[in-house]
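# Chain and residue survey
Here are the chains, one letter per residue:
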Amino acid sequence: MSNDSDIEKPEAFPQEKEEIEHKKRVIEEASKKRGIDDEQIAKFRQFTEADAEWHRAMNAKVMRKVDWHLLPLLVLMYLLNFLDRNNLSQARLDTLEEDLNMTGTDFNLATSILFVGYLLMQLPSNLMLTRVRPSLYLGTAMAIWGVISTVQAATHSFQGLVAARFFLGFAEAPFFPGAIFLMSSWYTRSEMAFRIAWFYSGSSLANAFGGLIGAGVLSNLSGAHGIAGWRWLFIIEGTITIGVSFIAAAVLPNYPATTKWLTPDEQAYAQWRLLDDTGEEDVAAASSIKEGVKLAFRDPRLYLFTLLQHASILSQAFQYFFPSIVNTLGFGKIETLLLTTPVWILNFLVSLVVTYTSGRFADRSIHIICLMMLSVIGNIIVVSTLNTGARFFAMFLMPIGAVTSYQIILAWVANSFPRPLVKRSACISFANLVGNAANIYGSYMYPASDGPRYLPGGAATAGVALLVAVIALATRLVLQKENKKLAEREEFENASTGTAGAENLGVGFRYIL
């Protein structure tokens, strides 16, 4: 695309012309504010004038490239991230506790200590990401956590395991919020939910394949070369992570303006899409870290979304004990690990469907409320009966409700805080930091002594799931009010939204409910 004649410009009615001119002015002002050159602005003007058919073709072309370069690798990275974090629950079914002389709530402490390190590194890590190439930063973090995960195999005491788990959390901290942040620098708000579903499917696939890998390792490698099966589990999974980290550092894209596998026109279009969606594109140096953090903490919506994410993560506490919960059905350790696989495969498939409909119908809250009610029902059944069939059915409902709704919450958080980039990075990090604090005490909700019903933990999880639904409804009402203010602002052509930070949002911007 080298000149205006390359783009189809439809004949517009007077009102449509006025809207196009207004949008061009908004995009042009935002571009100049970010130091974008006149040649790029001219391209943005052409994009704004183009017809719907041209946009469909160009958008499909650019997104096809972005999806193939970004999503498969992020899914694989998150699969390994979750596998290295959660393989302790599979190792528990082997001789881990016996070999390390673990008793009482030692396992719960080993689980929760990871999140102490995770939380300490969360916010500074994501702020650093805005100043370092994401590909290099995330790839390096992955290599470090892979090494630490492998080193867990060498521990010979409970204290050594706790130390390794603490530093594993520290090293894993940059990845999850960093990946969400990176995706939000490429995708518009309507595209985020479905992409996050694919990304977060890494956790479901990790649980599914983790069960299969655990069953294979514990049944075939226990005692091989004098090494316990749980140690082989850490060695094998950690080594794979290290290998993939080098690929990630070399292949992951950074930002639209600096990505070499896009043509100059495609780079410009990828940036224009973000401007068209929110009135501002992602520019790493657009705001200082101090300014971005101030904007984040002045926004009251941040605290509502943080509470929502915290409660949602707490409602998923059963994940770290899922093999132990399934083990209460009375099967052997290998059969137990194999039984976890269909649960997570179905969860993966359901997540793709509901996140697609969430994006297709631009809805977050109603989807979350309905899914959390499934989780409530599942938890109530598990603690109410010892019937094997009923409990196994309920074990499908628990993750389908809680884990799938969390994927929608992640998209809701990421696209409810428009640019500047540093503010969005701070918001995502803070919500993820406080949200994951739930894992520290949530890890004590399912002590072995409460089996087989796990009544206190299951009842509490059902209550928290209901709370998530209530917070989602409250968030919907708050954002409805914000949208009304935005409509009034446009009507009277005011310069600010009336929200904290007075963000200059693009024309037609509305928060997704």
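Below, the structure is looked at part by part. Since we're looking at a predicted model, the values are computed, not measured. (Residues numbered from 1 in each chain as written. Predicted model: local features only at pLDDT ≥ 70, side-chain atom pairs only at ≥ 80, totals over all residues. Heavy atoms only, no water.)

## Focus: the overall build of the protein
Regarding its fold elements, the protein presents 20 helices and 0 strands. Considering only intrachain contacts with a sequence separation of at least 6, the fraction spanning at least 24 residues in the protein is 82%. A total of about 19400 Å² of accessible surface is found on the protein, and carbon and sulfur atoms cover 64% of it. (Helix = DSSP H or I, 4+ residues; strand = E, 2+ residues; numbered from the N terminus. Contact = heavy atoms within 4.5 Å. Areas by Shrake-Rupley, 256 points an atom, 1.4 Å probe, with all protein chains shown as cover.)

## Description of the environment of Val-66
Inspection of the secondary structure puts Val-66 in helix H3 (residues 52-91). Looking at Val-66, the relative accessible area reads 1%, which means it is buried. Separated by 195 residues in the primary sequence, Val-66 and Trp-261 have C-alpha atoms spaced 9.2 Å apart. (Buried < 20%, exposed > 50% of the residue type's maximum accessible area, 1.4 Å probe, protein only.)

## A short note on the side chain of Ser-365
Residue position: Ser-365 is located in helix H16 (residues 365-384). The buried category is assigned to Ser-365, whose relative accessible area is 0%. Aside from chain neighbours lying at most four places away, what touches Ser-365 is Trp-412, Ala-472, Arg-476 and Leu-513.

## Structural notes on the packing of H3 against helix H8 (residues 175-184)
The interhelical angle for the contact between H3 and H8, taken along N-to-C directions, is 165°, at an axis separation of 11 Å. Taken as axis vectors, H3 and H8 run roughly antiparallel relative to one another. Viewed along their axes, H3 and H8 form a crossing whose handedness is left-handed. Residues Leu-70, Leu-71, Leu-74, Met-77, Tyr-78 and Asn-81 of H3 lie in contact with H8, whose contacting residues are Phe-175, Phe-176, Ala-179, Leu-182 and Met-183. Counted by class, the contact of H3 with H8 contains 10 nonpolar, 1 polar and no charged residues. (Axes fitted to C-alpha atoms, helices over the stretch in contact; angles between N-to-C directions. Parallel < 35°, antiparallel > 145°, perpendicular 65-115°, else oblique. Left-handed = near helix turned anticlockwise from the far one by under 90°. Nonpolar A, V, L, I, M, F, W, Y, C, P; charged D, E, K, R; others polar.)

## Remarks on a nonpolar patch on the surface
A surface patch of nonpolar side chains, about 330 Å² in accessible area, is lined by Met-373, Leu-466, Leu-467 and Val-470. The leading source of residues in the nonpolar patch is helix H20 (residues 455-492), at 3 residues. The residue Leu-467 is located in helix H20 in this model. (Patch = residues over 30% accessible without salt bridge, like charges linked within 9 Å, V, L, I, M, F, W, Y side chains within 5 Å. Salt bridge = Lys/Arg side-chain N within 4 Å of Asp/Glu carboxyl O.)

## Focus: the packing of H3 against helix H7 (residues 158-172)
Relative orientation of the contacting elements H3 and H7 amounts to 160°, with a least axis distance of 11 Å. The orientation of H3 with respect to H7, classified from their angle, is roughly antiparallel. For the element pair H3 and H7, the recorded crossing hand is left-handed. Residues Asn-81, Asp-84, Arg-85, Asn-87 and Leu-88 of H3 touch H7, and the partners they reach there are Leu-161, Arg-165, Leu-168 and Glu-172.

## Remarks on the pattern of salt bridges
Counted according to the given criterion, the structure contains 9 salt bridges. A network of salt bridges, in which partner residues are shared, links Lys-61, Lys-65 and Glu-266.

## Topic: the environment of Ser-405
The topology assignment puts Ser-405 in helix H17 (residues 388-414). Exposure remark for Ser-405: the relative accessible area of 0% places this residue in the buried category. Separated by 38 residues in the primary sequence, Ser-405 and His-367 have C-alpha atoms spaced 7.2 Å apart. Beyond its immediate sequence surroundings of up to four residues, Ser-405 is in contact with Ile-368, Leu-371 and Met-372. A distance of 2.9 Å separates the side chain of Ser-405 from the backbone oxygen of Gly-401, its partner in a polar contact. (Polar contact = N/O pair within 3.5 Å; in protein donor to acceptor, adjacent residues only side chain to side chain.)

## Digging into helix H15 (residues 333-360)
The end-to-end C-alpha separation of H15 is 41 Å, in line with the 40 Å expected for 28 residues at 1.5 Å each. Residue Ala-362 follows H15 closely and has a positive phi angle near 50°. (Expected span 1.5 Å × (residues − 1).)

## Observations concerning the packing of aromatic side chains
For the structure on display, the rule yields 27 aromatic pairs. Between Phe-322 and Trp-344, the aromatic rings sit 5.4 Å apart at their centres with planes inclined by 70°, giving edge-to-face as the arrangement. Highlighted residues: Phe-322 in helix H14 (residues 322-327) and Trp-344 in helix H15, separated in sequence by 22 residues. Ring geometry for Tyr-446 versus Tyr-454: centroids 5.7 Å apart, planes at 55°, classification tilted. Accessibility classification places Tyr-446 together with Tyr-454 in one group, the buried group. By way of ring pairs, the aromatic residues Tyr-78, Phe-82, Trp-145, Phe-175, Phe-176 and Phe-199 are connected into one cluster. (Phe/Tyr/Trp six-rings, centres within 6.5 Å; stacked < 30°, edge-to-face > 60°.)

## Considering the environment of Val-478
Examined against the element boundaries, Val-478 turns out to sit in helix H20. Sequence spacing of Val-478 and Leu-513 is 35 residues, and the spatial spacing of their C-alpha atoms is 9.3 Å.

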